[in-house]
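# Secondary and tertiary structure notes
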Amino acid sequence: MTSPLSLRSLLVTAALLLAPLLLQQLGTGPVRIADQALLYVLLALGMNLVVGYAGLLDLGYVAFYAVGAYTFALLASPHLWEQFPAVQAMFPAGLHAPWWLVLPLGAGLAGVLGVLLGAPTLKLRGDYLAVVTLAFGEIIRLFLNNLAHPVNLTNGAHGISQIDDLRLFGLDLRRTLVVLGIELPPVTLHYYLFLALVVLAVGVCHRLERSRIGRAWMAIREDEVAAQAMGLNTRNLKLAAFGMGATFGGVAGGLFATFQGYVSPESFSLQESILVVAMVVLGGIGYLPGVVLGAVLLSALPEVLRYAVGPLQAMTDGRLDAHILRQLLIALAMIGVMVLRPRGLWTRPERLNSLEN
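A few points on the structure. (Residues numbered from 1 in each chain as written. Predicted model: local features only at pLDDT ≥ 70, side-chain atom pairs only at ≥ 80, totals over all residues. Heavy atoms only, no water.)

### Examining the overall build of the chain
The helix and strand inventory of the chain stands at 16 helices and six strands. Taking 21 Å as the expected radius of gyration for a compact globule of 357 residues, we find that the chain reaches 21 Å, a close match to that expectation. Each of the three principal axes of the chain carries a C-alpha extent, and together these read 60 × 55 × 50 Å. Sorting the 357 residues of the chain into buried and exposed places 45% on the buried side. The contacts of the chain with a sequence gap of at least 6 include a subset with a gap of at least 24, amounting to 73%. A total of about 18500 Å² of accessible surface is found on the chain, and carbon and sulfur atoms cover 67% of it. Treating the 22 positive side-chain charges of the chain as one cloud and the 20 negative ones as another, the clouds have centres 9 Å apart. (Helix = DSSP H or I, 4+ residues; strand = E, 2+ residues; numbered from the N terminus. Rg over C-alpha atoms; globule rule 2.2 N^0.38 Å. Buried < 20%, exposed > 50% of the residue type's maximum accessible area, 1.4 Å probe, protein only. Contact = heavy atoms within 4.5 Å. Areas by Shrake-Rupley, 256 points an atom, 1.4 Å probe, with all protein chains shown as cover. Lys, Arg positive; Asp, Glu negative; His and termini not counted. Charge placed at Lys NZ, Arg CZ, Asp CG, Glu CD.)

### A closer look at the environment of Ala 69
Position of Ala 69 among the secondary structure elements: in helix α3 (residues 62-75). In sequence terms Ala 69 and Phe 268 are 199 residues apart; their C-alpha atoms lie 9.7 Å from each other. Sequence-distant contacts of Ala 69, that is, excluding residues within four places in its chain, are made with Gly 253, Gly 254, Ala 257, Val 263 and Phe 268.

### A word on helix α11 (residues 234-260)
Relative to the 39 Å expected for 27 residues at 1.5 Å per residue, α11 spans 39 Å between its end C-alpha atoms, a close match to the ideal helical length. In terms of burial, α11 is largely enclosed, as 20 of its 27 residues are buried. Where α11 terminates, the next one or two residues include Gly 261, which has phi positive at roughly 75°. (Expected span 1.5 Å × (residues − 1).)

### Quick word on the pattern of salt bridges
Pairing between side chains of opposite charge can happen when their charged atoms approach one another. Counted under the stated rule, the structure contains seven salt bridges. Measuring nitrogen to oxygen at the nearest pair gives 3.2 Å for the salt bridge that ties Arg 125 to Glu 224. In this pair, Arg 125 is assigned in the loop between α6 (99-118) and α7 (126-146) and Glu 224 in helix α10 (residues 224-229), connecting sequence segments 99 residues apart. We classify Glu 224 as buried; its relative accessible area is 13%. For Glu 222, the salt bridge identified is with Arg 221, shortest N-O distance 3.0 Å. Residues joined in a network through salt bridges with shared partners are Arg 125, Glu 224 and Lys 238. (Salt bridge = Lys/Arg side-chain N within 4 Å of Asp/Glu carboxyl O.)

### Quick look at the packing of helix α2 (residues 28-53) against helix α8 (residues 186-210)
Contact geometry for α2 and α8: axes closest at 9 Å, N-to-C directions at 15°. It follows from the interaxial angle that α2 and α8 lie roughly parallel. Seen along the crossing, α2 lies across α8 with a hand that is left-handed. Looking at the contact of α2 with α8, its residues break down into 19 nonpolar, three polar and three charged. (Axes fitted to C-alpha atoms, helices over the stretch in contact; angles between N-to-C directions. Parallel < 35°, antiparallel > 145°, perpendicular 65-115°, else oblique. Left-handed = near helix turned anticlockwise from the far one by under 90°. Nonpolar A, V, L, I, M, F, W, Y, C, P; charged D, E, K, R; others polar.)

### Quick word on the packing of aromatic side chains
For the structure shown, the criterion picks out nine aromatic pairs. Taken together, a centroid distance of 5.5 Å and an interplanar angle of 50° make the contact between Tyr 65 and Phe 256 tilted. On the criterion of sequence distance, the pair formed by Tyr 65 in helix α3 and Phe 256 in helix α11 is long-range, its members being 191 residues apart. Residue Tyr 65 is classed as buried on the basis of its relative accessible area of 4%. Residue Phe 256 is classed as buried on the basis of its relative accessible area, which comes to 13%. Summarising the aromatic geometry, the rings of Phe 194 and Phe 259 are spaced 5.6 Å apart at their centres and angled 80° between planes, so their arrangement reads as edge-to-face. Of this pair, Phe 194 sits in helix α8 while Phe 259 sits in helix α11, and the two are 65 residues apart along the sequence. Summarising the burial analysis for this pair, Phe 194 and Phe 259 share the class buried. Cluster of aromatic residues (ring-pair linked, three or more members): Tyr 65, Tyr 70, Phe 256 and Phe 268. (Phe/Tyr/Trp six-rings, centres within 6.5 Å; stacked < 30°, edge-to-face > 60°.)

### Things to note about α2
The terminal C-alpha atoms of α2, which comprises 26 residues, lie 36 Å apart, in line with the 38 Å expected from a rise of 1.5 Å per residue. The sharpest bend along α2 reaches about 35° and sits at Met 47. With 22 of 26 residues buried, α2 lies mostly within the body of the structure. Gly 55 sits one or two positions beyond α2 and adopts a positive phi of about 75°. (Bend = angle between axes of the 7 residues up to and from the residue.)

### Overview of the packing of α8 against helix α9 (residues 212-222)
One way to put it is that α8 packs onto α9 with a least axis distance of 4 Å and a crossing angle of 70°. Considered as vectors, α8 and α9 are oriented roughly perpendicular to each other. Along the contact surface, α8 presents Leu 208, Glu 209 and Arg 210, while α9 presents Arg 212, Ile 213, Gly 214, Arg 215, Trp 217 and Met 218. Among the residues forming the contact of α8 with α9, the class breakdown is four nonpolar, one polar and four charged.

### A look at the side chain of Asp 164
Tracing the sequence through the fold places Asp 164 in the loop between β1 (160-161) and β2 (167-168). It is Arg 174 that comes nearest to the buried, bridge-free Asp 164 among opposite-charge side chains, at 7.4 Å. A distance of 2.8 Å separates a polar atom in the side chain of Asp 164 from a polar atom in the side chain of His 96. Beyond its immediate chain neighbours, meaning those up to four positions away, Asp 164 contacts Phe 72, Ala 76, Ser 77, His 96, Arg 174 and Thr 258. (Polar contact = N/O pair within 3.5 Å; in protein donor to acceptor, adjacent residues only side chain to side chain.)

Function cannot be inferred from these measures alone, as they are strictly geometric.
Below is the structure:
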């Protein structure tokens, strides 16, 4: 007899697999929203390793997202080939590195950058750590925005375009695929790729949470002095949290670059870091289902409200700007959740807390 848990898992799996097929009947817009939501889930899972497990408030997380995106953009687009004669000499046919090389490279660079960020901030806590990481994120964005001269490395505020398509086993994800008479447009193909990576990331996070490293991170989160007194190497554990979380951000950045086909510094502003932190806190800090729920809601809600603010704006005879009204509704929703559910929308059950403690 099928257990309730197995039946629930089957239903969730079926819903996730069928969702894009149903959404694409409404157009590519709803499926694109789902794609972006999955990318934010990856970012939120990485942030949860740092904030939720280790208790380190990182407001510069978007920097790792940017590193992954620009690494992919530079190595899988004509930009470097057009700007540097040496690159043209080395690659006469153009610099088009394969995704299986560029994506891990971007994730690795982001991980190294995360460790380098964590090293000088090991003695900082709370607000001081937040300010330093915030400054770090802004420094990276300013570098990306100004490295257009004297050597045009990032193309400045104009960004980098013509980023190569992602190809899996000879399949171009930017071309419509027909399977059993069902058309799968590019946004649907990307959805399934992102979903597979999100499932893999959730599995990795779950294993980390149950491992010695995850329990050590939580000990540091609860009381760093006590954790250090018990013999834990808090220095290395903090660096591991920064590095692992940054790696998730680098992967999400590379996927974002190939999905959009274009990157620019404006996509990696401070607001993005704050949004990812809000996803973790709003959903349920330190609890994987809550983090996923918070990421999906906060990433999809602004786009869904685009279709809802029209009638509300008409009720005010157009006196309220649609963008302002949309932000107002989101803010009210977040305030309401924090008042009614201060620990988050989906938190760890108390029974599990007592068993783990």
